[in-house]
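Notes for the structure review
Chain by chain, the residues:
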Amino acid sequence: MGAAAARSAGTDIFGLALGQPAVVGFSPAWNRAVLSDLETFRSRGSFSSLVPYLNGGVIVTDAPSHAQTRRRLNPAFGPRGLAGVRRAVAQAVPPFPAEPTDALAWADHTVRDLLNTAYFSGEFDPALLQRFLAPLRRPFPAPMWLAPTVLAAVRRELRRLGHLRLKQPRDDLLTALVRLDGGLLEARISLAAAHDTTTHALAYALWHLAQDPQYHLPEQHPTVIREVLRLYPPGWMGSRRLAHDLDWQGHQLARGTLVLYSTYLTHRAPEWWDRPLDFWPERWQHKPAAWSYLPFGGGERTCLGLHLAQLILGETLAQLPPLRSLTGHPGPLPGLTLGPRGPLWVRRD
Ligand code: HEM
């Protein structure tokens with residue numbers, strides 16, 4: 001059964017054949033339950049625990065200690081904590097090339113460089129950062145492996161820069177993180193969560209601005225980003241593990257079931273969106289229904305990097321010249337995150 005069959009049966013969840021009990025749901029009520037009830041829907045044992053890149057730190061910390069971990073991390077990643085980072089990122093946005101360019105490839109290295117700026121004032125070995133992050137954007141099973149030699153080199157580089165920041169603070173995220181217990185681990189894990197999500201959002205934004213240049217105005221950019229994240233949510237599927245048996249609208253779900261919420265299905269559901277499959281920024285003149293728009297998740301576990309992602313996207317779009325689209329394959333490709341199949345050829349107009 002898929003979403004359509006679930007709808008016809010008058011329900012909002014359906015089973016998945018994953019070799020273990022698994023259900024996915026797509027209604028706002030389901031999203032709210034999964035994202036708000038942290039005692040029932042646990043992160044340890046979820047899909048993220050199986051991905052070495054994400055298996056650590058805040059991502060797999062459960063209630064009640066999760067709230068405490070977020071309280072320690074949130075200030076660095078909040079708008080005030082990021083003020084200095086914003087200035088540095090704005091200065092580090094690379095110029096858009098003069099020749100025809102694949103927007104996906106450009107977004108990939110631009111986001112990597114801007115994360116290097118935000119976290120490390122640009123001092124992390126760029127070749128190592130690329131080797132570390134590249135597998136995340138490849139199809140499965142590449143994201144499931146983190147080469148031990150790369151992991152060891154990343155840890156060494158984090159320690160090297162961390163020591164420097166303890167002696168001489170800078171206006172970057174590492175300066176805040178190195179002072180926290182487990183801060184270097186949080187830096188590594190959050191970098192992995194940050195890169196391809198932000199890359200995919202930026203690539204789609206570039207593509208749509210090149211296709212619909214009437215939206216390429218500073219006052220329109222926030223709406224373009226919102227609409228890109230609706231139509232192509234990089235975090236297209238979230239997962240949890242059920243801590244105890246649950247009766248969901250008459251469906252008996254056993255303890256241990258892998259439980260998913262599908263941002264992708266919710267964001268494209270005709271029950272909650274007009275013209276759900278159209279790129280239509282004007283829709284944002286109206287507020288969406290509660291729990292029907294969740295590109296950054298929701299509740300206590302809302303994306304730690306929400307402000308950082310918006311900062312990188314906003315500052316990059318602000319410096320972008322007028323673009324025109326050439327040819328490309330924008331169709332969404334689900335992987336660890338959802339992104340365009342690519343390439344997406346665009347040129348300066
Ligand atoms: C457009 C870019 C991004 C998107 C669409 C995105 C999406 C998401 C989503 C949907 C979640 C919730 C997952 C869940 O609870 O099931 C999440 C959590 C998280 N994100 Fe992001 N993210 C983005 C950028 C970033 C950045 C830049 C960082 C860097 C700090 C980051 C770090 C994290 C972390 C650490 C979590 C786990 C938070 C927790 O469990 O308390 N993300 N993100």
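Read on for an overview of the structure. The shown structure was predicted, so the numbers you read here are calculated from the model rather than taken from an experiment.

Criteria and thresholds
- Residues numbered from 1 in each chain as written.
- Predicted model: local features only at pLDDT ≥ 70, side-chain atom pairs only at ≥ 80, totals over all residues.
- Pairing = 2+ DSSP bridges.
- Helix = DSSP H or I, 4+ residues; strand = E, 2+ residues; numbered from the N terminus.
- Contact = placed C-beta atoms within 7 Å.
- Axes fitted to C-alpha atoms, helices over the stretch in contact; angles between N-to-C directions.
- Expected span 1.5 Å × (residues − 1).
- Buried ≥ 20, exposed ≤ 12 C-beta atoms within 10 Å, placed from the backbone.
- Near = placed C-beta within 6 Å.
- Nonpolar A, V, L, I, M, F, W, Y, C, P; charged D, E, K, R; others polar.
- Core = buried A, V, L, I, M, F, W, Y, C linked by C-beta atoms within 7 Å.

Strand order across the open sheet formed by five strands is β1-β2-β8-β5-β3, with mixed pairing between neighbours. Only two strands of the sheet have a single neighbouring strand rather than two, namely β1 (13-15) and β3 (41-42). Taken together, the five bridges between strand β5 (residues 237-242) and strand β8 (residues 258-262) define a ladder with antiparallel strand orientation. Across the sheet, Arg241 pairs through a bridge with Leu258, a residue of β8. Along the sheet, helix α2 (residues 28-36) makes contact with β1, β2 (22-25), β3, β5 and β8, crossing β8 at roughly 125 degrees.

In this section: helix α5 (residues 103-120). Here α5 is 18 residues long and its end C-alpha atoms lie 25 Å apart, about the 26 Å a rise of 1.5 Å per residue gives. Counting buried residues in α5 gives 15 out of 18 residues, a clear majority hidden from the surface.

Looking now at unusual backbone geometry. Omega for the bond connecting Ala63 with Pro64 falls within 30 degrees of zero, at 5 degrees, which places this linkage in the cis form. For Pro64, the position within the fold is in the loop between β3 and α3 (65-77). Looking along the chain, the bond that leaves Gly342 and enters Pro343 is cis, with omega of -5 degrees. Among the structural elements, Pro343 can be located in the loop between β11 (338-340) and β12 (344-348). Not every positive phi belongs to a glycine, and Ser121 is a case in point at roughly 50 degrees. By the element assignment, Ser121 lies in the loop between α5 and α6 (126-133).

Near the ligand lie 23 residues; those nearest to it are Gly235, Gly238, Gly297, Cys303 and Gly305. Elements represented by at least two residues in the shell around the ligand include exactly α3, α9 (183-211) and α12 (306-318). When the residues that make up the shell around the ligand are grouped by side-chain class, the tally is 14 nonpolar, seven polar and two charged.

For the rest of this paragraph, the subject is the nonpolar core. Counting 83 residues, the largest nonpolar core has Ala205 and Leu206 as the members making the most contacts within it. Of the residues forming this core, the biggest block, 15 residues, is contributed by α9. Excluding residues that lie within four positions of it along the chain, Leu206 makes contacts with Ala103, Ala107, Leu323 and Val346.

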